[in-house]
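# Residue-level structure breakdown
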Amino acid sequence: MGFRLKVLEDGELKINLTLLYLLIKSGANLDGPYLYVEGDPTTINYVLNGLSRYKDFEVPSIDFCPSDEPIRIYDVDEVLKDFCIEVYRYFNDRCSACAIKVYSIISESWLFSKEALIKLFEAIINHHLPTQFNSGCLVVAACPSSYEDASKLMPGAYLDGIELLKRFINDLLGNAGSMT
């Protein structure tokens, strides 16, 4: 017994990132656009009640990223180039972000295992990097999570963001071993 929760539609997440992370961390399995929680109704209630203890917990999120058409950055180091499908800058060279493909819209399959996704979310949380789920990608931004604060950054601040993304990916790969 158990239940399926549809969490993705057309490559977009229907629940927030915090709930996705907490559900998979609590044992939900990835099944295409669904999360499957195993167990009887008592187990399901236990999982849902257990989530309430995280009421003050949140995966940092951002909902304005990318702004307009981001400028793709091609001259990044091998770690970023191999891990991010795109590294870009936007807001007139103020912010940078890394798009990490985690879900295939075409085949409706997860490209990362549940364990790898948990490690990825934990690295995002540890580095306090605002993140958005966009077209099957986790877009990890190295800028403030509010549009107003991001627009106040100095031009060229994206270079600091690139360094932050490098540390994030290096820490992630160093702590997680193989991510897929």
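Residues numbered from 1 in each chain as written. Predicted model: local features only at pLDDT ≥ 70, side-chain atom pairs only at ≥ 80, totals over all residues. Heavy atoms only, no water.

### Focus: helix α1 (residues 17-25)
When you tally the buried positions in α1, you get seven out of nine residues, the bulk of the element. Listing the buried residues of α1 in full gives L17, T18, L20, Y21, L22, L23 and I24. The distance from a side-chain oxygen at the start of α1 to the backbone nitrogen of T18 is 3.0 Å, and the residue carrying that oxygen is N16. Immediately beyond the C-terminal end of α1, within one or two residues, lies G27, with a positive phi of roughly 115°. (Buried < 20%, exposed > 50% of the residue type's maximum accessible area, 1.4 Å probe, protein only. Helix = DSSP H or I, 4+ residues; strand = E, 2+ residues; numbered from the N terminus. Polar contact = N/O pair within 3.5 Å; in protein donor to acceptor, adjacent residues only side chain to side chain.)

### Considerations on the side chain of S96
Counting through the fold element by element, S96 comes out in strand β8 (residues 95-101). Within the local environment of S96, its side chain forms a polar contact with the backbone oxygen of Y158, the two atoms lying 3.5 Å apart. A distance of 3.3 Å separates the side chain of S96 from the backbone nitrogen of I162, its partner in a polar contact. Setting aside residues no more than four positions away along its own chain, S96 makes contact with Y88, R89, Y90, V140, A141, A142, Y158, G161, I162 and L165. (Contact = heavy atoms within 4.5 Å.)

### Re the pairing of strand β7 (residues 86-90)
The side chains of a regular strand alternate, first on one face of the sheet and then on the other. Relative to β7, strand β6 (residues 71-72) runs antiparallel, the two being bridged by two bridges. Its bridge partner being in β7, R72 is matched across the sheet by Y88. Pairing analysis gives five bridges linking β7 to β8, with the strands arranged antiparallel. Residue Y88 lies in a different strand from β8, and its bridge partner there is A97. Taken together, β7 and the strand that follows it, β8, pair antiparallel across an intervening segment of four residues, in which F91 is found at a positive phi of about 55°. (Pairing = 2+ DSSP bridges.)

### What to know about the packing of aromatic side chains
Scanning the model with the defined rule gives eight aromatic pairs in all. Ring plane angle 55° and centroid distance 5.6 Å describe the contact between Y21 and F121, whose orientation is recorded as tilted. Of this pair, Y21 sits in helix α1 while F121 sits in helix α4 (residues 114-126); the two residues are 100 residues apart in sequence, bridging distant segments of the chain. For the pair F64 and F91, a centre-to-centre distance of 5.5 Å together with 40° between the ring planes defines the contact as tilted. (Phe/Tyr/Trp six-rings, centres within 6.5 Å; stacked < 30°, edge-to-face > 60°.)

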